[in-house]
Every structure is written in C-alpha cells, then in structure tokens.
Amino acid sequence: MLDVIILGAGAGGGFPQWNSAAPGCLQAREGRKAKPRTQASLAVSGDGVHWFLLNASPDLRQQILATPALQQHGSTRGTPIQGVILAGAEIDAITGLLTLREREPFTLMGSPSTLAQLDRNPIFEALDRSIIPRIALSEGTTVPLLLKNGAPSGLVLEVFTVPGKAPLYAEAEGTKPDDTLGLSISDGQKTMLFVPGCAEITQALKDRASRADLLFFDGTLWQDDEMIRTGLSPKSGHRMGHVSMNETDGPLRQFAACTRPKKFFVHINNSNPVLLEDSPQRQAAEQAGWVIGEDGMRLKTEGPS
Ligand code: MLT
Ligand code: MN
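Going by what an unreviewed UniProt entry lists, the protein chain is known as Coenzyme PQQ synthesis protein B and is assigned to Parasaccharibacter apium. Among the UniProt annotations of the protein chain, the heading Function (unreviewed entry) holds the following wording: "May be involved in the transport of PQQ or its precursor to the periplasm." Comment text from UniProt for the protein chain, heading Sequence similarities (unreviewed entry), reads "Belongs to the PqqB family."

Student: Please explain the overall build of the protein chain as it appears in this structure.
Tutor: When its secondary structure is counted, the protein chain shows eight helices and 14 strands. Relative to its length of 305 residues, the protein chain is compact, with a C-alpha radius of gyration of 18 Å against a globular reference of 19 Å. With the principal axes as the frame, the protein chain shows a C-alpha extent of 50 × 45 × 40 Å. A total of 305 residues make up the protein chain; the buried ones form 54% of that total.

Student: Sorry if this is basic, but what is going on with the sheet that holds strand β8 (residues 152-161) here?
Tutor: Pairing between the strands of a sheet is mediated by backbone hydrogen bonds and can be parallel or antiparallel. Read from one edge to the other, the open sheet built from seven strands follows the order β7-β8-β9-β10-β11-β12-β13, with strand pairing classed as mixed. Because the sheet does not close on itself, it has two edges, and the strands there are β7 (142-146) and β13 (290-292). The average angle at which neighbouring strand axes cross in this sheet is 25°, direction not considered. As judged from the five bridges shared by β7 and β8, these two strands associate in the antiparallel manner. Directly across from V143, in β8, lies its bridge partner L157.

Student: I tried to follow the coordination of the manganese ion (ligand 2) on my own but got confused; where do I start?
Tutor: Octahedral metals with six donors have ideal donor angles of 90 or 180 degrees. Tetrahedral metals with four donors have an ideal donor angle of 109.5 degrees. Protein coordination of the manganese ion (ligand 2) is provided by D92 (OD) and H267 (NE2), with donor distances spanning 2.2 Å. Of the two residues, D92 is situated in helix α3 (residues 91-94) and H267 in the loop between β12 (262-266) and α8 (280-287); the sequence distance between them amounts to 175 residues. Taken individually, D92 and H267 each receive the classification buried, so the pair is uniform in this respect.

Student: What is the right way to look at the sheet that holds strand β14 (residues 298-301) in this model?
Tutor: Read across the open sheet, the seven strands follow the order β6-β5-β4-β3-β2-β1-β14; overall the sheet is mixed. Looking at which strands have only one partner, the edges of the open sheet turn out to be β6 (134-136) and β14. Strand-to-strand twist of the sheet, defined as the mean angle between neighbouring strand axes without regard to direction, takes the value 20°. With three bridges connecting them, strand β4 (residues 81-85) and strand β5 (residues 107-110) associate as parallel partners. For G83, the partnering residue across the bridge sits in β5 and is T107. Set on the sheet, helix α4 (residues 112-119) makes contact with β5 and β6; between it and β6 the angle comes to about 150°.

Student: Help me understand the pattern of salt bridges in this model?
Tutor: As enumerated under the stated definition, the model contains 18 salt bridges in all. For R120, the salt bridge identified is with E173, shortest N-O distance 2.2 Å. Residue R120 is found in the loop between α4 and β6, and its partner E173 is found in the loop between β8 and β9 (181-186); the two are separated by 53 residues along the sequence. For E173, a relative accessible area of 38% puts it in the partly exposed group. Here R282 ties to E286 by a salt bridge, and the two come within 2.9 Å at their closest N and O atoms. On the criterion of helical spacing, the pair formed by R282 and E286 is a turn pair, its members being four residues apart in helix α8. The class of R282 is buried, set by a relative accessible area of 7%. A cluster of three or more residues bridged by salt bridges with shared partners is formed by E90, K165, E171 and R239.

Student: Whenever I open this one, helix α5 (residues 203-211) confuses me. Can you help?
Tutor: All of the buried residues in α5 are L205, K206, R208 and A209. The buried residues of α5 occupy one face: seen down the axis, they fall within an arc of 165°. Relative to its buried face, α5 has exposed residues pointing more than 90 degrees away, namely A204 and R211. In this structure, the buried side of α5 is in contact with β8, β9, β10 (191-195), β11 (214-218) and α7 (251-254).

Here is what the cut-offs are and how they apply
- Residues numbered from 1 in each chain as written.
- Chains lettered and ligands numbered in written order.
- Predicted model: local features only at pLDDT ≥ 70, side-chain atom pairs only at ≥ 80, totals over all residues.
- Heavy atoms only, no water.
- UniProt positions renumbered as here; feature names shortened; annotations may be inferred.
- Helix = DSSP H or I, 4+ residues; strand = E, 2+ residues; numbered from the N terminus.
- Rg over C-alpha atoms; globule rule 2.2 N^0.38 Å.
- Buried < 20%, exposed > 50% of the residue type's maximum accessible area, 1.4 Å probe, protein only.
- Pairing = 2+ DSSP bridges.
- Axes fitted to C-alpha atoms, helices over the stretch in contact; angles between N-to-C directions.
- Donors = N, O, S within 2.8 Å, 3.2 Å for Na, K, Ca; no water.
- Contact = heavy atoms within 4.5 Å.
- Salt bridge = Lys/Arg side-chain N within 4 Å of Asp/Glu carboxyl O.
- Arc of directions from axis to C-beta.

Below is the structure:
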C-alpha cells in the first residue's frame, strides 16, 4: 500500500503569508474562496501506521496537530514518524527538523549538499546524531526505507537530481548538482514522485513521471514574472529556481502527454492565482488535469499498476 498525506501544499511563507495584504492573502485570511495552506511537506506510509516525512516544513508542529496519523498513541512518548527525507535545504524544507528535537529517534536522509548545510549549522545539533543518524543519499540508488526497529517499511526510495538552485541563504556558494532532489517512493507496485522545486522539466523527468502513479510537483507560480508584475517581489520564478505552471517550459505543457499519474500541485506560492477557487487560472489548471493540492488531502493506493 502507498498512503500519502499532503501535510502542506503552500510554498515558502505559506498562504496567507505573514506580511502580505495582497488580494489572495486577504481572501485566504477571511476564508473567501481561498483555503489557507501551510508550507510544503508530505507524509508517506506503506502500512498507514508508520510514516516518513518528505521535507520538514516550518509548519510541522501545526501539521502534526492537524494529522491524527502522525500523533503518538499508547505509551507516554513516541511518534509514528520513522524518518525524514529532505528534497533540499531551503528554509521551508528543513526548519521543521527543529520541531522534532525531543530526543525521539528517527532517520534523517538527504543529498550530500543538503546534509552539508545541516552539518555547518550548529542549531541542528539539537538533533542528537547518536539517535538521529544522518544518511547521505546517492543519486540513482534504490534504498529500502526501514522502520526505527530495522524492519522493512514496505517502501523503497529512489532519489534523483533535478535542475534547481542553491538555498536562498547560501546562494553566494553557487548551485551544486545535488542541491535539489526529486524523491520517488514505491511500495513495489505503485510509485509516487515528490518534486517540490524544479528549474527545468527535462526529458528524463518526463519519462519518470510517465511511469508514476502519483506526481506531486512544483506549483510555485502561474507565470514567471507574476511577483514582479504585482509588485510583490523583484524575483522571477526562474530566478528562484522554479518553472511556472503556465509558461512554455512549465508543467501544464511539459507534462500534458503524461497522462498516467494523478497530478497534484504542491509548493504553491501565495501569489499564484490558482489558489483562488473562482479564478480562470484555477479552472485552466484543473482542465489540464491537475489537482491544486490542499493541506490534509490523503491518497491511498494499492494493487498492481
Ligand atoms: C523557494 O522554494 O524558492 C524558497 O523556499 C524560497 C524561500 O525560502 O523564501
Ligand atoms: Mn520553497
């Protein structure tokens, strides 16, 4: 079984963002045809009991409180969370690790460059390495995801690099090839892909997506210059390391022929008009076969592909 929960479908800053009075954020605050979203993360399980987090968002505490499957039952302390797999070292992907600092063992996995960012920042030493081992994932290898007691979880993980960008706070160092990962998780029959950041949709990524059953993809912006045009930020999507939904090189067109997986947008920025339930852009994305991810959505799939 492959059981997936969208813990958060928003991009960095969430929706509404704390300092924004843009029309979409005002609507979300008032609950007017726009649902709030926490920052992007998924939980994945092979049995509905033991869970792995894909990214640890700054909203993780709130996400656990909203998700009974991730809460401890029975003995005094503990957690169903067995591991955290990081797709990158952006602030919105790693800072939730600090929420997990209560001496609970779990496994922490990421690319060498992502783990190097944690290693150099002493605040993450609050996660005691003797009970929270850091495991570097090398590209192209398939590793079984193990439970804390060493038993198989029923899931296997494959990581692959995607074009991306150095984390915001480390841009001066330049982008490394393993800064941005896609995560592929399979129960042996069904496969899901998590790609919350992607600067270019390559043929290899399209081929991979065509074989998957569930695709959770970078939904940061609708249009590359939308934050510039609306006066929210001087940055384009490409400057931030993201393709944009409705551009020629974006997912609506590039994955149009990729009809096998159920396709979800996650990591949706607060400026993106698809967040507004009555917008023409929302309608266009849905007509193109995409689901605009929402916090709390759960997809359970099993059986032969
Ligand atoms: C991104 O995905 O581009 C980053 O999360 C941006 C940010 O941290 O503000
Ligand atoms: Mn982000």
